[in-house]
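What the coordinates show
Listed below are the residues making up each chain.
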Amino acid sequence: MSDDKSLSPFLEAVKSLNIDYEMAPIDQEYSTFTGVGAEPLDFKSYAKDIPCQEACPAKTRVPHYIQAIAEGDHDKAYLINQEDNVFSAVLGRVCSRPCEDGCRHNWTDINGPVHICHLKRGASDYKKNPPAPLPAWFEKTGKRVAVIGGGPSGLTAARELRRYGHDVTIFERDKVLGGMMVQGIPIFRLPRTEVEAEVKAIIDSGIDVKLNTSVDAPMMQQLIDEYDSVLVSVGTVHASNLKLPGLPDDGHAVSGLKFMYDYNMGTMEDGSMKGQSVIIIGGGFTAVDCARSCARAALRLVGEEGKVTMMYRRTAGQMAAKYDEIEEMGVENIEIETLMNPHSARVENGKLVGVTFQRNTLEDEIPQSGKPRVHSIPETEEEFPCDLLIVAIGQTRTLDILPEGVHQNPDDGHLTSHEKVFMAGDFNYGSLDVITAVQDGKDAAEKIDTSLMGRQRRKQHIAIEMTNVNGETGRVRDHDLQYPVSMPVLPLNQRDGTAEVELGHDLDGLQVHATRCYWCQNKFEIDHDKCIHCNWCIEVAPRDCINKVSRLFYDEDDFVETALETDLNDEATYIWIDSKECIRCGKCLRICPTSAITMRKTELCGCSTEEFEEKEKENQPYGAVPHFKY
Amino acid sequence: MQWNLDKRVVSEEEHTKDHGLVIDYDEVGRKGALGGGEKLITKWYGIYQSRHPGNHMARVVIPGGVVSSVQARRIAQVGEDYGQGKLCITTRQCIQFHWLKAPALADMLRDLAKDNLSCFHGCGDVTRNVVACPLAETCQYRRIDVLPYAKQTSRVLTESRDLDNLPRKFKINFSGCGAGCGQPFINCIGAIAVLRKTDSGDEETGFKVVIGGGMGWEAFIGQELFSFVPADKIVAVNRAIALLFRDHGDRRDRTQSRLKFIVHKKGIDFCRKVVLDFLEKENVDTSDLETVLVDDVGDAYPDRPLLEPNPVGTDGKATVRAMIPKGEMTHLQIRQLAALTEKYGDKRLQFTQRQNVEIHGVKPEKVAEVNEEIAKIGFETEGFFGIRDIVPCVGTTYCPKAVTETRVLYDLLMPVVSKTKYNEIWDKALINITGCPNSCSPYRIVDIGFRGMRIREKLGSVEAYEMRIGGEHNRLGKVIGEFKREDCPRVVEAILDTFLKERKDGETLAQCVQRLGVAKAEQPVAV
């Protein structure tokens, strides 16, 4: 009913009819229309809106940096990455890419997911400024923290602790920082200069480093006494052993870890293994950078006369390598045998000559975990000639660095029974990938800060901003259909074992990849109080993204879990955009005759709790933004 | 094709248009259906897709709404042969056939062409049917007979191949005086005839030109571009305005591309400069186009001249009207009307913007006889332009865009407005009902207007209307509320009862609303 006083007395006459309608409540996907939101609803909606960011362990703002790349601002894209995942040039090459499985392009069936990882690398390739330390969040606190282990999680924790204002010292066993990034990953996959530059940006923020310093239990006790907190992030350096009948305990099989370390440190002589047959056992997640990479490395050592075979007891689908990587290994003449279980080894004259494998078969019944079970088939043994056996079947941590009586908190892996000792990275949860280690380092730093300062000093929230661009994000629908150019690689004959194999996209190729992304940070939502159910948006919708909905089912946080769709106008309570299906084309907004559809930008941000409270005051209630109306 | 970010210059529809505007309807017939981009381009030929799958709507272009009796019979034949015998009069003086099947389109167009009728530029991004006030030729208040200018404008602009691809539709209206019977303020161009005294004391007729009006969700009242354009230059000025629209309309976003948005966003001065530039390029002398206030020295006209029953025109002949309920006729009825005009009238039929039919040129002594004949056909002849002359759009009966079934509301309102207590105000209020925000039935410029929507309930939703009151041809009505369809009759009754109680002298509902709320209401645009 109108409130226009100039319509009296007609308005009074109509009001006296007492027409009042009861309507279904309007759903809202964020707790606030614009401003900052930190309710559980906000985070749930955000996770639904941007699945790639949700899939990323470090919650990298993927669409935000991809849009920056598309707009030509590679430095901004790099900064977003540096803020969120610390080692963006590294991760742009070696990340395990959980984001690409989450990518919305993946389920629209147009040429697969956006190549997010390569875009990350592109941002780092084309940035104009070298990596620089990020500004600190807080003034110096005077607290001192020791970080043991200079791997991805240790370095990340150190950077974050420094930004919290603490003094940090890193103790590194090796002669260089970087941990598995420099020891485990082969140099032809990840040039060391990239790691060095990004490690330098961290150290330059004012972090003390003690190299070649191995910390044992007594020294650990000393550190605990000396520092306010100690973070242990020494990773999983103990390679799992393979016990095979006929294989002596040492000398004949090397662990993938050791092999890669020697290879990367350049202690192996070229040609020393010429013509030999190498068998690598592994292929699981632990071996993602060992099994696959040492296969490549080994091939360089054995030359064309030699032979490198990878033996995996499960199927290719369970290998940690992606299908395109497996294909690339085929190009490089690395044989991959799946469903092969090591059975025994044969040693002649003190020298390994062959390993016998037994064939595995899949069990018909697939357990709930989804990972098919295998069992070996008797009497299928076959011997493969082998001069060097590399075993990359997993790594475990050794807990003897912890002082006696100190053990991990079973509820929170970052904490221990000692209030000053914290754990992070692989040492916390077992051997995983770099991106998980980065996030774990961040989490550990926050825990340490909270414990040192007695309160949580930073808060994550979703920033929501109204845009006024008529539903145009800068993309058009033709961008969806672009064919994603593949990553240029070094020709086979130029792969000398040190030069980087993946060359990186040129700018045009990068642009194609960046514009393929739907830029899901844009949020389209219908204001049900304005909607007149004309269904025009449903008609222009490119996918099954807008529907007539008779009921919405909410969870305890008012988040819409499911919607009951209908085809009948009379049953339609709402016209509802399913942001899971929405590909952000903006057509609905442009066609909407009543301006009921709005486009807002969302971004996961972090700031100090004081700043958050300040921002929260500026919030506008839902629907308060005026619309152009006569 | 690989796209860069900044390549976004036009909407998807513009790409389709760039691929050509030609359709072979025989080919469509062989295929059996319109495909892909044809669904857009077919609009240039006056053909739309209907709400009912497999059916089409065709709109016959009739400049000024005047057809000869022969043409009327042709329309009847086409309606009978291809359109299930039904035809509708539109609010812009056209005739629409529904229920056309794709294979019949080519033959239908050929049949129309036999009597010089055409659907060409009935829809699409072109100059649409040029409208003139219904009594253009003989109205006693007219400054000039605008019908020839309307027809000439229509011909010149339709034949201009450089105006085939405008950003959006383009609507022109001619009015014979300032009373606004032709609704000049809600068209892209409204040409209002004026009579002025020149410095030498002679009387000169010409047009005041207002541009940038429009209905739709964002409605605008037109702004004055020129206060006086000599009558012989109006066609050139109209063409220049079309060129302005062609070059400056927003081709990125179709919802923002009408001329009204150019005028609103860039200002009338910008538009005037562009128009003058175009005129100079086409070697038209612009020295006598006035922008200062021009006094109209013609006879005073009433607020609603069309209310007069069976008006006698300047030629001494009377006009007889048939009220067509919901604007829908059968082919038999239009044939009978054609026969009537051949017997009594000027052998022509006139379609009006309130979806009625007029027969001009009837000898005053024959008026009663013609009225009787019309009553026999089944149409009323009284109440024209009154409260019972409700104008609904076609609604969900045919239109794919409509939200509500406007004709149901028509049926619900008819008993209310037919109550005897409203006899004394039968001529004081107009009611329009439109089924969606596009406002085919312009609901904002009448005393009571309804716009279709749906209101959600606890579960599900029902048809409803946004209701506005107090609109006039040059002022938009104001929203009084949103009501479910079933509540609309009692709301209308409450409003009319209030009007009965509050009204003074002979004022209309809109004037009454205006007077009572004058302290807060905006002033009307000077006419």
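Because the structure is a prediction, the values reported are computed rather than measured. (Residues numbered from 1 in each chain as written. Chains lettered and ligands numbered in written order. Predicted model: local features only at pLDDT ≥ 70, side-chain atom pairs only at ≥ 80, totals over all residues. Heavy atoms only, no water.)

**Considerations on the overall build of chain A**
- Scanning chain A from terminus to terminus reveals 22 helices and 23 strands.
- The C-alpha atoms of chain A give 28 Å as radius of gyration, which agrees with the globular expectation for 630 residues (25 Å, within 12%).
- In terms of principal-axis extent, the alpha carbons of chain A reach across some 110 × 55 × 45 Å.
- For chain A, the proportion of its 630 residues judged to be buried stands at 56%.
- Counting only carbon and sulfur atoms, one obtains 48% of the accessible surface of chain A, whose full area is about 26,600 Å².
- Side-chain charges in chain A split into 67 positive and 101 negative, and the spacing between the mean points of these groups amounts to 3 Å. (Helix = DSSP H or I, 4+ residues; strand = E, 2+ residues; numbered from the N terminus. Rg over C-alpha atoms; globule rule 2.2 N^0.38 Å. Buried < 20%, exposed > 50% of the residue type's maximum accessible area, 1.4 Å probe, protein only. Areas by Shrake-Rupley, 256 points an atom, 1.4 Å probe, with all protein chains shown as cover. Lys, Arg positive; Asp, Glu negative; His and termini not counted. Charge placed at Lys NZ, Arg CZ, Asp CG, Glu CD.)

**Concerning the packing of helix α4 (residues 62-70) of chain A against helix α9 (residues 116-126) of chain A**
Residues and elements named next belong to chain A.
- Put simply, α4 and α9 touch, their axes get as near as 10 Å, and they point 55 degrees apart. Judged by the inter-axis angle, α4 sits oblique to α9. Handedness of the crossing formed by α4 with α9: left-handed. Along its contact with α4, which presents V62, Y65, I66 and I69, the element α9 presents I116, L119, K120 and A123. (Axes fitted to C-alpha atoms, helices over the stretch in contact; angles between N-to-C directions. Parallel < 35°, antiparallel > 145°, perpendicular 65-115°, else oblique. Left-handed = near helix turned anticlockwise from the far one by under 90°. Contact = heavy atoms within 4.5 Å.)

**Structural notes on the state of the cysteines**
Residues and elements named next belong to chain B.
- As enumerated under the stated definition, the model contains 0 disulfides over all chains in all.
- Here C440 stays unpaired: no disulfide links it, and the sulfur of C436, its closest cysteine neighbor, is 5.9 Å away.
- What makes C440 partly exposed here is its relative accessible area of 46%. (Disulfide = S-S within 2.5 Å.)

**Notes on the domain arrangement of chain A**
Residue and element names in this part refer to chain A.
- Segmenting chain A into domains produces domain 1 (51-131 + 476-500 + 507-516), domain 2 (144-237 + 397-456) and domain 3 (240-395).
- Using C-alpha coordinates to define each centre, domain 1 is positioned 27 Å away from domain 2.
- Contacts between the two partners involve 24 residues from domain 1, matched on the other side by 26 residues from domain 2.
- Both sides of the domain 1 and domain 2 interface together cover about 2,100 Å² of buried area, and 64% of this is carbon and sulfur.
- At the junction of domain 1 with domain 2, the criterion picks out 2 salt bridges.
- Note that E83 is salt-bridged to R163, the shortest N-O span being 3.1 Å.
- Between the two partners, domain 1 and domain 2, sit 11 residue pairs in polar contact (both at pLDDT 80 or more).
- Listing elements by their share of the side of domain 1 that touches domain 2, those giving two or more residues are α5 (74-85) and α6 (88-94).
- Tallied by class, the residues present in the side of domain 1 that touches domain 2 amount to 13 nonpolar, 7 polar and 4 charged. (Domains from an automatic or database assignment. Buried area = accessible area lost by both parts, 1.4 Å probe. Salt bridge = Lys/Arg side-chain N within 4 Å of Asp/Glu carboxyl O. Polar contact = N/O pair within 3.5 Å; in protein donor to acceptor, adjacent residues only side chain to side chain. Nonpolar A, V, L, I, M, F, W, Y, C, P; charged D, E, K, R; others polar.)

**Some thoughts on the interface of chain A and chain B**
- At the junction of the two partners, chain A supplies 61 residues and chain B supplies 58 residues.
- Summing the contributions of chain A and of chain B, the shared interface buries around 5,100 Å²; its carbon and sulfur component is 58%.
- At the junction of chain A and chain B, the tally comes to 4 salt bridges.
- Elements with a contribution of two residues or more to the side of chain A that touches chain B: α1 (10-15), α19 (507-516), α20 (536-540), β20 (546-554) and α21 (587-591) of chain A.
- Of all the elements, α1(A) adds the most residues to the side of chain A that touches chain B, at 4 residues.

**So, the pairing of strand β14 (residues 357-362) of chain B**
Residue and element names in this part refer to chain B.
- Among the 6 residues of β14, 6 are classified as buried, and the element is accordingly described as predominantly covered.
- As judged from the 4 bridges shared by strand β11 (residues 318-322) and β14, these two strands associate in the antiparallel manner. Pairing of R321 across the sheet is with E358, part of β14.
- Bridge count between strand β13 (residues 348-351) and β14: 2 bridges; the pairing is antiparallel. Bridge pairing links F351 to V357 in β14.
- Counting the residues between successive antiparallel strands, the hairpin from β13 to β14 contains 5 residues, one of them, Q355, with a positive phi of roughly 60 degrees. (Pairing = 2+ DSSP bridges.)

**Things to note about the domain arrangement of chain B**
All names here are of chain B.
- Taken domain by domain, chain B consists of domain 1 (5-114), domain 2 (142-281), domain 3 (308-377) and domain 4 (391-516).
- Distance between the C-alpha centres of domain 1 and domain 2: 26 Å.
- Counting from both sides, the interface comprises 14 residues of domain 1 and, opposite them, 13 residues of domain 2.
- Counting each side, the surface lost to burial between domain 1 and domain 2 is near 1,200 Å², with a carbon and sulfur contribution of 48%.
- The tally of links between domain 1 and domain 2 comes to 1 salt bridge.

**Concerning helix α2 (residues 40-49) of chain A**
- Every buried residue of α2(A) is listed here: A:L41, A:D42, A:S45, A:Y46, A:K48 and A:D49. Down the axis of α2(A), the buried side of the element spans an arc of 160 degrees, and every buried residue falls inside it. (Arc of directions from axis to C-beta.)

**Here we look at the pattern of salt bridges**
- Within this structure, the stated rule accounts for 86 salt bridges over all chains.
- A salt bridge links B:R456 to A:D529; its shortest N-O distance comes to 3.1 Å. In this pair, B:R456 sits in strand β17 (residues 448-456) while A:D529 sits in the loop between β19 (522-526) and α20, so the two residues belong to two different chains.
- By relative accessible area, which is 6% here, B:R456 ends up buried.
- For A:D529, a relative accessible area of 48% puts it in the partly exposed group.
- Residues B:D107 and B:R110 are paired through a salt bridge, measuring 3.2 Å at the closest nitrogen-oxygen approach.

**A closer look at the packing of aromatic side chains**
- Scanning the model with the defined rule gives 13 aromatic pairs over all chains in all.
- Ring geometry for B:F174 and B:F207: centres 5.4 Å apart, planes at 80 degrees, overall edge-to-face. Pair noted here: B:F174 is in strand β7 (residues 172-175) and B:F207 is in strand β9 (residues 203-211), with a separation of 33 residues, a long-range link.
- Under the relative-accessibility criterion, B:F174 is labelled buried at 0%.
- These aromatic residues form a ring-pair network of at least three members: A:W137, A:F138 and A:Y164.
- Taking the ring centre of A:W137 as reference, the NZ or CZ of A:R458 above it sits at 3.7 Å.
- Over the face of the ring belonging to A:F33 we find A:R600, whose NZ or CZ atom lies 4.6 Å from the ring centre. (Phe/Tyr/Trp six-rings, centres within 6.5 Å; stacked < 30°, edge-to-face > 60°. Lys NZ or Arg CZ within 6 Å of the ring centre and 35° of its normal.)

**Some details on the sheet that holds strand β19 (residues 478-484) of chain B**
Residues and elements named next belong to chain B.
- The sheet built from 5 strands is open, its strands ordered β15-β16-β17-β18-β19 with mixed pairing. Pairing within the sheet leaves two strands with one partner each, and these edge strands are β15 (391-392) and β19.
- As defined by bridge partners, β15 adjoins strand β16 (residues 431-434) across 2 bridges and the pair is classed as parallel. Across the sheet, P392 pairs through a bridge with I433, a residue of β16.

**Re the packing of helix α7 (residues 234-248) of chain B against helix α8 (residues 259-266) of chain B**
All names here are of chain B.
- Between α7 and α8, the least distance of the axes is 10 Å, while the angle of their chain directions is 80 degrees. In terms of orientation, α7 and α8 fall into the roughly perpendicular class. Across the interface between the two elements, I241, L244, F245 and H248 of α7 pack against L259, I262 and K266 of α8.
- Among the residues forming the contact of α7 with α8, the class breakdown is 5 nonpolar, 1 polar and 1 charged.

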